[in-house]
Amino acid sequence: MTTPKITTATIRAMKGSGQKIAALTAYDYPMAKMLDESGVPFLLVGDSLGMVVLGYPDTTQVTMPEMVHHLRAAARAKPHALLGCDLPFNSYGTVASAVANAKVLVDAGAEFVKAEGGREIFPQIEAIIADGIPFCGHLGMLPQHVLEEGGYRLKGKEEAEHQRLLEDAQLLAAAGAFALVLELVIPPVAKEITRSISVPTIGIGSGPDCDGQILVTQDLTGSFPWFKPRFVQPMANCAMEIKSAVATWKKSLG
Ligand code: KIV
């Protein structure tokens, strides 16, 4: 039996189907292939690659050429999964740059693009969608703004923030975003947003009630042992496996 290609329509149809959307990051060919072979329907070349692959302290230094390099590698896996890519920091400050850079990512193999923010980047989001490029929103904690925020913090606790998140989610869904990532949104607010919009929410550190969950694969697999987000329960310890394989091999050399 051939595995059907996952599209944005497939992901949208998963909302309310009783099946949670499993989403993971993939920054290169082998990881995209392994995750695809594991049946993960939603793959993201996230700008988190800046931290877990390139060694930057946060995502603010990631460039378009770096995203394109990793996206091309992941796209060579030709996954059945839907493959998307983040627009990195400073690549969508204006409508013109947002559309131009989204097109660069599509040319490099992205089947959708994602950018961080709500009403403050709404003209850019509208223009990307008007150009026929599938768009995934990202609300809540916006890692590209971590320096202004002074750290990673939970969102939606204050009433004004709660209302703003809800309104932004509705705005993006109405504009045609096919899905929304909710990062570090307090669980009751993530649940309320999920119930109030017709497109799927994909949570990260936002509780169990989103339509799907996304993780940085290195966090899930224990491949980046120097930092572990509080909300992640690693399912493997790949860093330890690698070190142990190397130690065994080194010993075998005599
Ligand atoms: O950069 C990233 O990988 C992301 C996901 C973890 C949501 O934005």
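Heads up: these notes are all about the structure in this document.

## What to know about helix H4 (residues 64-75)
Then comes step 1: For H4, which comprises 12 residues, the first-to-last C-alpha distance of 16 Å matches the rise-based estimate of 16 Å (1.5 Å per residue) to within 8%.
Then comes step 2: For H4, the complete set of buried residues consists of Met 64, Met 67, Val 68, His 70, Leu 71, Ala 73, Ala 74 and Ala 75.
Then comes step 3: Looking at the buried side of H4, the elements it contacts are helix H2 (29-37), strand S2 (42-45), helix H3 (49-52), strand S3 (82-86) and helix H5 (95-107).

## Notes on the packing of aromatic side chains
Then comes step 1: In total, this model carries 4 aromatic pairs according to the counting rule given.
Then comes step 2: Seen from their ring centres, Phe 42 and Phe 112 are 5.1 Å apart, and the 50° between their planes marks the pair as tilted. One end of the pair, Phe 42, is in strand S2; the other, Phe 112, is in strand S4 (residues 112-114), and 70 residues separate them in sequence. Taken individually, Phe 42 and Phe 112 each receive the classification buried, so the pair is uniform in this respect.
Then comes step 3: With 5.0 Å between their ring centres and 80° between their planes, Phe 224 and Trp 226 make a pair best called edge-to-face.
Then comes step 4: On the accessibility criterion, Trp 226 (65% relative accessible area) is exposed.
Then comes step 5: Clustering of aromatic rings is evident, with ring pairs tying together Phe 42, Phe 112 and Phe 178.

## Comments concerning the nonpolar core
Then comes step 1: If you look at the biggest cluster of nonpolar residues, it comprises 58 residues, and the most contacted ones within it are Val 45, Leu 71, Leu 105, Val 113, Ile 128 and Ile 193.
Then comes step 2: Examining the composition of this core, we find that 6 residues originate from one element, H4, more than from any other.
Then comes step 3: With near-sequence residues (within four places) excluded, Leu 105 lies in contact with Met 64, Met 67, Val 68, Leu 71, Cys 85, Asp 86, Leu 87, Ala 110 and Val 113.
Then comes step 4: Core analysis: the second largest hydrophobic core is formed by 16 residues, Ile 21, Leu 44, Ala 179 and Ile 204 among them.

## Describing the packing of helix H8 (residues 159-175) against helix H9 (residues 187-196)
Then comes step 1: Two numbers describe how H8 lies on H9: the axes approach to 10 Å, and their chain directions differ by 30°. Put simply, H8 runs roughly parallel to H9. In this structure, the crossing between H8 and H9 has a hand that is right-handed. Of the residues in H9, those in contact with His 162, Leu 165, Leu 166, Ala 169 and Gln 170 of H8 are Val 189, Glu 192, Ile 193 and Ser 196.
Then comes step 2: Looking at the contact of H8 with H9 residue by residue, the classes come out as 5 nonpolar, 3 polar and 1 charged.

Conventions we followed
- By convention here, each chain's residues receive numbers from 1 onward along its written sequence.
- Residues qualify for local features only when their pLDDT is at least 70, as the model is predicted, and side-chain atom pairs are given and counted only at 80 or more; totals for whole chains, interfaces and linings, by contrast, use all residues.
- Note: side-chain values were computed over all heavy atoms of the structure, leaving out hydrogens and water.
- Each helix corresponds to a stretch of at least 4 residues labelled H or I by DSSP, and each strand to a stretch of at least 2 residues labelled E; elements are numbered beginning at the N terminus.
- Under the convention used throughout, the expected extent of a helix is 1.5 Å for every residue step, that is, one less than its residue count.
- Each residue is assigned to one of three classes by its accessible area relative to the maximum for its type, calculated with a 1.4 Å probe on protein chains only: buried under 20%, partly exposed between the two thresholds, exposed over 50%.
- When checking whether two residues touch, look at their non-hydrogen atoms; a contact exists if any pair is within 4.5 Å.
- Aromatic contacts are taken between Phe, Tyr and Trp rings whose centres are within 6.5 Å, Trp giving its six-membered ring; a plane angle under 30 degrees counts as stacked, one over 60 as edge-to-face, and the others as tilted.
- What is meant by a nonpolar core is a set of buried Ala, Val, Leu, Ile, Met, Phe, Trp, Tyr and Cys residues, joined one to another through side-chain atoms within 4.5 Å.
- Axis definition: a line fitted to C-alpha atoms, limited for helices to the stretch in contact. Angles are taken between N-to-C directions and run from 0 to 180 degrees.
- These descriptions rest on fixed angle ranges, namely under 35 degrees for roughly parallel, over 145 for roughly antiparallel, 65 to 115 for roughly perpendicular, and the rest for oblique.
- By convention the crossing between two helices is left-handed if the near helix lies anticlockwise of the far one by an angle smaller than a right angle, and right-handed if it lies clockwise.
- The nonpolar class holds Ala, Val, Leu, Ile, Met, Phe, Trp, Tyr, Cys and Pro. Asp, Glu, Lys and Arg form the charged class, and all remaining residues, Gly among them, are polar.

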